[in-house]
Amino acid sequence: MCGIAGIVTFGGSLDARASRRRVEQMLRSLAHRGPDGSGMTAANRAVIGARRLSIRGLADGTQPFVDAQSGVITVCNGEIDNHRDLRAWLSARGRNVSFETDVAVIPGLYLELGASFVERLEGAFALAVYDPRDDTLLLARDRAGERPLFYAFSRGTITFASEIGALASDPHFDLTPDSNALQEYLRSGWFAAPTSPFAAVKKLAPATVLKLDAHGAHERRYWRFALVESEKRTPREDEFDAILRAAVRRQGDVDVPLGLFLSGGLDSSLIAALARAEWPHKALVAYTLRFAESSYDEGRFAERAARELHLDRVDVDVRADDVPPTLAALVRGAGEPLADPAWVPSALLARRASADVKVALVGEGADEVLGGYPTYVGAWLAEAHARLPGPLQRTIASLVQALPDSEKKVTISFLLKRFVESARLPGLQRHREWTAAIPARELGRLQSPEPGTRGSDVRESGEELDGLLLDRLQRFDFEMPLAEGLLTKADRSSMAAGLELRAPFLDPAVLEFAAHLPARDRVRSFRTKAFLKQYALGHLPREIVLRRKRGLSVPLGTWLRGPLREWARGRLASARLEVAGLSTDRVLDWFDEHAERRADHARGLSALLALAEWCLWVDELQHTRDQAEGADVILVPFTPTPQEVRSSVASESPLSPERDLEETKS
């Protein structure tokens, strides 16, 4: 894992000195992603660099890698889990890889296979390849979107980086917001590629290769999570066991201490069980979030799992007063808002774990690929609800809306209200409303009287609930809420502390197995993840496998009515929310509805507060820029503390002399 950045000019000549300073700036702003070292190289029209978090090949993994004969430059943020097989394949073709680190296989693969080499990679990665022989740049991301990559064009030059915050360290960076993208963010809680909160910045989509040269840009999607019902087959537990164990083994094959994130839920507990089986004598530490609010705290389940698996365990307490400073640091470091209220506790968990380990295995992805969300059951219920007489539907809706709000976690009243509000919508549109950060009706209340938000891109009708609809819901969840939301949260929260998270459920072989699961083995009546739960019973106690899905939720609603009330209202009042088409007065009225217990808007307020922090950060950048009056360098207002980022004097010195400004020629 690391952070990468670069500048490539396709029109005119490259200002080498200015470009080097610019890449140095970006690398400094990415120090939290790679505290163990830094490198940079220049060739022809390109300056490319990387920050390093040492995971594999600790002695010789400094990037960029430069091929001595061709001059091809490569940088990669992430890990290549099948690097041993790829080394052997390259060796058989006469290309020996001299470096031990896993990403060192990339130059040889590119030289052998061209842009199609990314299809051979297994792992989580975002990479760049510059070929000085024809002045081409390739940018690519992994299948699920575990590692990020952003880019911006300006006057024939492309600048790319692992985070928007690095791009924004340029004093000439265009701070113009993308109002449409911000409005869509308020609906979903995340930014769907290629959009970002800034009009000038694009996000490379998962499973995509972007090729750029003087003639233009060509984008190609090289993979998609395709669930085709006609290709389903009866699953075998022994086959899945071998696949998932191999994924855990590959992703845990590191040269540094390994940890586990353990919530006590099925997914993280199963990964922990397989890790313990794979390394029965290794010291494995499990890190667990704890809340004082009992309905949100799952510590007792994590304790049970850890005891069964003979794991050491570390609790990380989350309090209301952790939210303001942590959210501010996360938004300023990443350069973008994220609506998920679990962003803050996830960052606290990563910060604590990073004091002991550099890598942690997590359970992300299981719900999306194996059918784990209650909304999949809700789709079946909605079809049955739609067949009821209209008067009965209206009576049910009235009774549900009359239910009192509760401050407990994922209450039945909250779920039922979301259900009846959108039950009559067609399949995928209904699903989006159920999972929205701010449902369309509520968002309409917050908009200024000026022209409103762009409508949803989803237009569907006449769908039947069968395997096809379930497939579509799962693929949407895989490509949008997972890739753009949950994996964004995982990456930004962990890398703020220099910790790498790895998700075995997103291993390509696991995805391939899941793609062939029949609908009945994913969702069976009211039972989600049917096949996975049956398999897990051979590894975990029944109370963990079969308990109701809870997910990582935060008592934000309670905190916003108590200790965070003044902070939150002040943030919403002071931010320029008009950039997202909102009326500040209406937003404050909406907040007061929640604070006075007249409604439950906690989920939407999380999105608004993250957006408010982002707006304030943009104002800070503009203010700093105005004060600098054209100075060459501005400071990015985010500096990880020693507790957040593991570093040494050597790693924080100027760019590594071995690689600094290494000149290569085509």
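In case you missed it, the structure is sitting above this.
Conventions used here
- Residues numbered from 1 in each chain as written.
- Predicted model: local features only at pLDDT ≥ 70, side-chain atom pairs only at ≥ 80, totals over all residues.
- Heavy atoms only, no water.
- Axes fitted to C-alpha atoms, helices over the stretch in contact; angles between N-to-C directions.
- Helix = DSSP H or I, 4+ residues; strand = E, 2+ residues; numbered from the N terminus.
- Parallel < 35°, antiparallel > 145°, perpendicular 65-115°, else oblique.
- Left-handed = near helix turned anticlockwise from the far one by under 90°.
- Contact = heavy atoms within 4.5 Å.
- Nonpolar A, V, L, I, M, F, W, Y, C, P; charged D, E, K, R; others polar.
- Buried < 20%, exposed > 50% of the residue type's maximum accessible area, 1.4 Å probe, protein only.
- Pairing = 2+ DSSP bridges.
- Right-handed = clockwise from strand over helix to strand, strands pointing away.
- 1 Å grid on protein atoms, 1.4 Å probe; cavity = no way out; pocket = protein on both sides within 12 Å on 5 of 7 lines; lining within 4 Å.
- Points joined across faces, edges and corners; volume = space filled by probe spheres on them.
- Core = buried A, V, L, I, M, F, W, Y, C linked by side-chain atoms within 4.5 Å.

S.K.: Even after reading the chapter, I still don't get the packing of helix 6 (residues 237–251) against helix 18 (residues 508–515), so can you show me in this structure?
M.R.: The angle between the axes and the distance between the axes are what describe a pair of packed helices. At their nearest, the axes of helix 6 and helix 18 sit 8 Å apart, and the two run at 155° to each other. Looking at the two axes, helix 6 sits roughly antiparallel to helix 18. As helix 6 runs across helix 18, the sense of the crossing is left-handed. Mapping the contact onto sequence places Glu239, Phe240, Ile243, Leu244 and Ala247 in helix 6 and Ala509, Val510 and Phe513 in helix 18. Partitioned by chemical class, the residues of the contact of helix 6 with helix 18 number seven nonpolar, no polar and one charged.

S.K.: What's the story with the pairing of strand 14 (residues 285–291) in this structure? I'm lost.
M.R.: Looking along a regular strand, one sees the side chains alternate between the two faces of the sheet. Taking burial as the measure, the seven residues of strand 14 include seven buried ones, the bulk of the element. Relative to strand 14, strand 13 (residues 258–261) runs parallel, the two being bridged by three bridges. In the strand pairing of strand 14, Phe261 is matched with Tyr287. Note: strand 14 against strand 15 (residues 312–318), seven bridges, orientation parallel. Bridge pairing links Arg290 to Asp317 in strand 15. In this view, the connection linking strand 14 to its parallel neighbour strand 15 by way of helix 8 (residues 299–309) has right-handed handedness.

S.K.: Got a minute to help me understand empty space enclosed by the protein in this structure?
M.R.: Rolled over the atoms, a probe with the dimensions of a water molecule shows which regions are left empty. Using the criterion set out here, one finds ten cavities of 30 Å³ or more in the structure. One number sums up the size of the largest cavity: a volume of about 130 Å³. If you list the elements that add at least two residues to the lining of the largest cavity, you get helix 9 (323–334), helix 10 (343–353) and helix 24 (602–628). Looking at the lining of the largest cavity residue by residue, the class counts come to 13 nonpolar, one polar and one charged.

S.K.: Would you explain the nonpolar core in this entry?
M.R.: The nonpolar side chains of soluble globular proteins are, as a tendency, buried together. Ranked by internal contacts, the top residues of the largest apolar core, which has 157 residues, are Phe240, Phe261, Phe505, Leu572, Leu582, Leu608 and Leu611. For this core, the leading source of residues is helix 24, giving 13 residues. Residues in contact with Leu572, not counting those within four places in the same chain, are Leu577, Thr584, Val587, Leu588, Phe591, Leu605, Leu608, Leu609 and Ala612. In this structure, Ala104, Val105, Tyr110 and Leu111 belong to the second largest nonpolar core, which totals 24 residues.

S.K.: Could you clarify how one ought to interpret the sheet that holds strand 16 (residues 359–361) in this entry?
M.R.: Strands belonging to one sheet form pairs held by backbone hydrogen bonds; the direction of such a pair is parallel or antiparallel. Strands sit in the order 15-14-13-16-17 across an open sheet of five strands; the sheet is parallel. Here the strands that pair on one side only, and so sit at the sheet edges, are strand 15 and strand 17 (500–502). Averaged over all neighbouring strand pairs, the angle between strand axes comes to 30°, with direction disregarded.

S.K.: Just checking my understanding: could you explain the pairing of strand 1 (residues 2–9) for this structure?
M.R.: Most of strand 1 is tucked away, with eight of its eight residues classed as buried. Two strands pair when backbone bridges link them, and strand 1 and strand 3 (residues 46–52) are joined in this way by seven bridges, in the antiparallel orientation. Counterpart to Ile4 in the pairing with strand 3 is Ala50. Here strand 1 runs beside strand 9 (residues 157–161); their pairing, made up of five bridges, is antiparallel. When the sheet's bridge partners are listed, Thr9 is paired in strand 9 with Thr157.

S.K.: Got a minute to help me understand unusual backbone geometry in this structure?
M.R.: The phi angle of most residues is negative, glycine excepted, and most peptide bonds adopt the trans form. Residue Pro64 follows Gln63 across a cis peptide bond; omega there is 5°. Here the residue pair Ala193 and Pro194 is connected by a cis peptide bond, since its omega of 10° sits within 30 degrees of zero. Assignment of secondary structure puts Pro194 in the loop between helix 5 (179–188) and strand 10 (201–203). In the Ramachandran plot, Lys529 falls in the positive-phi region, its phi being about 45° despite a non-glycine side chain. With respect to the helices and strands, Lys529 occurs in the loop between strand 19 (527–528) and helix 19 (530–536). Here Lys529 falls in the buried class, since its relative accessible area comes to 5%.

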